[in-house]
Amino acid sequence: AEQGWPELHRIPHPPRRVPLLGDVLGASRTRPLQDSVRHARRLGPIFRRKAFNKEFVFVWGGALSADLADETRFAKHVGLGIANLRPVVGDALFTAYNHEPNWQLAHDVLAPGFSREAMEGYHAMMLDVAGRLTGHWDRAALAGRTVDVPGDMTKLTLETIARTGFGHDFGSFERSRPHPFVTAMVGTLAHAQRLNTVPAAFLLRASARRNEADIAYLNRTVDDLVRERRRGSGGEGDLLDRMLRTAHPETGERLSPENVRRQVITFLVAGHETTSGALSFALYYLARHPDVAARARAEVDRVWGDAELPGYDQVAKLRYVRRVLDESLRLWPTAPAFAREAREDTVLAGDHPMRRGAWALVLTPMLHRDPEVWGADAERFDPDRFDPKAVRSRAPHTFKPFGTGARACIGRQFALHEATLVLGLLLRRYALRPDPDYRLRVTERLTLMPDGLRLGVDRRTGAV
Ligand code: HEM
């Protein structure tokens, strides 16, 4: 019985070519996810790949994935890419093992920071940051320059989480080069990503040393931020405020200073790249589908009227814009996989025995394209798949851009509010001009992003 899958031999795999590194490296080391997607199409709803002499099981079929969502038999598995982040963020929310007490503590303390009331509190700050983006795009429009969509969305989402979470301003829109904190953050993520495809022993010592310096810089910056906050006041009700001042409602326990530092870094990382990618893909599709853009724009004009800035509720009412976002996250879920492990010996979907602790990766981009769930035209962009009637008629647990169960994304409502708000503002203010020669290329760091996407933007006449 190999690695907890007694009948592993029944799970198909690609032809084995590279003896040591196996087939995970396969055709593409920089795009392992898209490489897995290619294998998935040939091998079917469950398959395996080998790397470093280990077997990795991938699942994407609707029925198998839905079974993995059963929380009584399965739970999040912290392995692979996530475990590689532990030197940076330890037992903070995203990287905690299920049994670590700090997970429940932080979850209970921070969940109210993502309630509707909390979100209403962030709304004005989100608008403020979005205003910096439109200021930047206005200047591009005036000068007839195209805009760097993923670059600008990353600035926007980083500033949004820094501001709403911690009252911090990285000045991204005013800088010509990224803030050193961002460089260090990207450096540690890239290092963790390399560890996924190259064994640690093969990495250069210089790279490991660089990584340690990056982590030290991240820690120092966050510690300064926390010290400042502890000294002064301010930040009422933001995430940092909750981390520092809230005690657990039942046990009275608080987050330790080291844990606060890990949570702050976690939220800065988890809170921006994924949302930035989601916005970028949505803008890609809006620019490519003028009919969809027109419908979305008409909704914004109708719901927002001539209010200069939308209120909280006016964002929630953008139902069609939200469908555009959902449909973009269907085709390109920007956190493209999550891992599930068996809590006890069990049989996956009545067919594949698993021992306790055995695990599989759910390949969301393929789950979201399973023709048995989404139909023969699953590859086609169509926001109407998310109108309420269509959603009701679909099997549950087949749309999972935010993961599943107790360890699903705590920032889901935050991301959706921010992204819907920004898409609304951009649709209302600009006409989007795609570059007819652009072909979608997707880059992979920890998250997916449309590589090199630039758009022309023209101010709409008469727009507020
Ligand atoms: C967890 C996706 C935005 C914070 C997750 C997971 C996914 C995900 C798939 C589960 C990972 C797993 O099972 O291993 C996304 C996507 C986003 C987004 C696609 C945007 C479109 C955000 C934002 C924040 C955030 C804005 C914070 C403000 C977190 C945290 C966790 C998490 C802290 C760990 C939760 C836990 O284990 O308790 N996210 N996320 N995410 N996300 Fe997000």
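Residues numbered from 1 in each chain as written. Predicted model: local features only at pLDDT ≥ 70, side-chain atom pairs only at ≥ 80, totals over all residues.

Under an unreviewed UniProt entry, the name given to the protein is Cytochrome P450, and the organism recorded is Streptomyces cinnabarinus. Under the UniProt heading Cofactor (unreviewed entry), the entry covering the protein gives this text: "heme". (UniProt positions renumbered as here; feature names shortened; annotations may be inferred.)

J.: Just checking my understanding: could you explain the pairing of strand E2 (residues 54–59) for this structure?
T.: In summary, the side chains of a regular strand alternate between the two faces of the sheet. The sheet contact formed by strand E1 (residues 46–51) and E2 spans six bridges and is antiparallel. Bridged to Arg 48 within E2 is Val 57. Linking E1 back to E2 in an antiparallel pair, the connection comprises two residues, with Phe 52 at a positive phi of about 50°. Looking at chain direction, E2 and strand E8 (residues 359–363) are connected through two bridges and run parallel. The residue of E8 that forms the bridge with Phe 58 is Leu 361. (Pairing = 2+ DSSP bridges. Helix = DSSP H or I, 4+ residues; strand = E, 2+ residues; numbered from the N terminus.)

J.: How do you make sense of the packing of helix H13 (residues 290–304) against helix H15 (residues 319–331) when you look at a structure like this?
T.: Packed helix pairs are specified by the crossing angle of their axes together with the interaxial distance, meaning the distance between the axes. The N-to-C vectors of H13 and H15 enclose an angle of 140°; their axes lie 8 Å apart at closest approach. Taken as axis vectors, H13 and H15 run oblique relative to one another. From H13, Val 292, Arg 295, Ala 296, Glu 299 and Val 300 reach across to H15, where they touch Tyr 320, Val 321 and Val 324. The residue inventory of the contact of H13 with H15, partitioned by class, reads six nonpolar, no polar and two charged. (Axes fitted to C-alpha atoms, helices over the stretch in contact; angles between N-to-C directions. Parallel < 35°, antiparallel > 145°, perpendicular 65-115°, else oblique. Contact = placed C-beta atoms within 7 Å. Nonpolar A, V, L, I, M, F, W, Y, C, P; charged D, E, K, R; others polar.)

J.: Can you walk me through the site of the ligand in this structure?
T.: Around the ligand lies a shell of 26 residues, among which Gly 271, Thr 274, Gly 403, Cys 409 and Gly 411 are the nearest. Of all the elements in the fold, those that place two or more residues in the shell around the ligand are helix H11 (257–270), helix H12 (273–288) and helix H19 (412–429). Broken down by class, the residue content of the shell around the ligand amounts to 16 nonpolar, eight polar and two charged. (Near = placed C-beta within 6 Å.)

J.: I'm lost on the sheet that holds E2 in this one. Help?
T.: Within a sheet, adjacent strands bond to each other through the backbone by hydrogen bonds, running parallel or antiparallel. Across the sheet, which stays open at both edges, the five strands sit in the order E1-E2-E8-E5-E3 with mixed pairing between neighbours. The open sheet is flanked by E1 and strand E3 (74–76), the only strands paired with a single partner. Sheet twist, expressed as the average angle between the axes of neighbouring strands with direction ignored, equals 35°. Of the strand pairs in this sheet, strand E5 (residues 337–342) and E8 are connected by five bridges, and their pairing is antiparallel. Paired with Glu 341 across the bridge in E8 is Trp 359. In this fold helix H1 (residues 32–43) packs onto E1, E2, E5 and E8, with an angle of close to 135° to the strand it touches most, E1.

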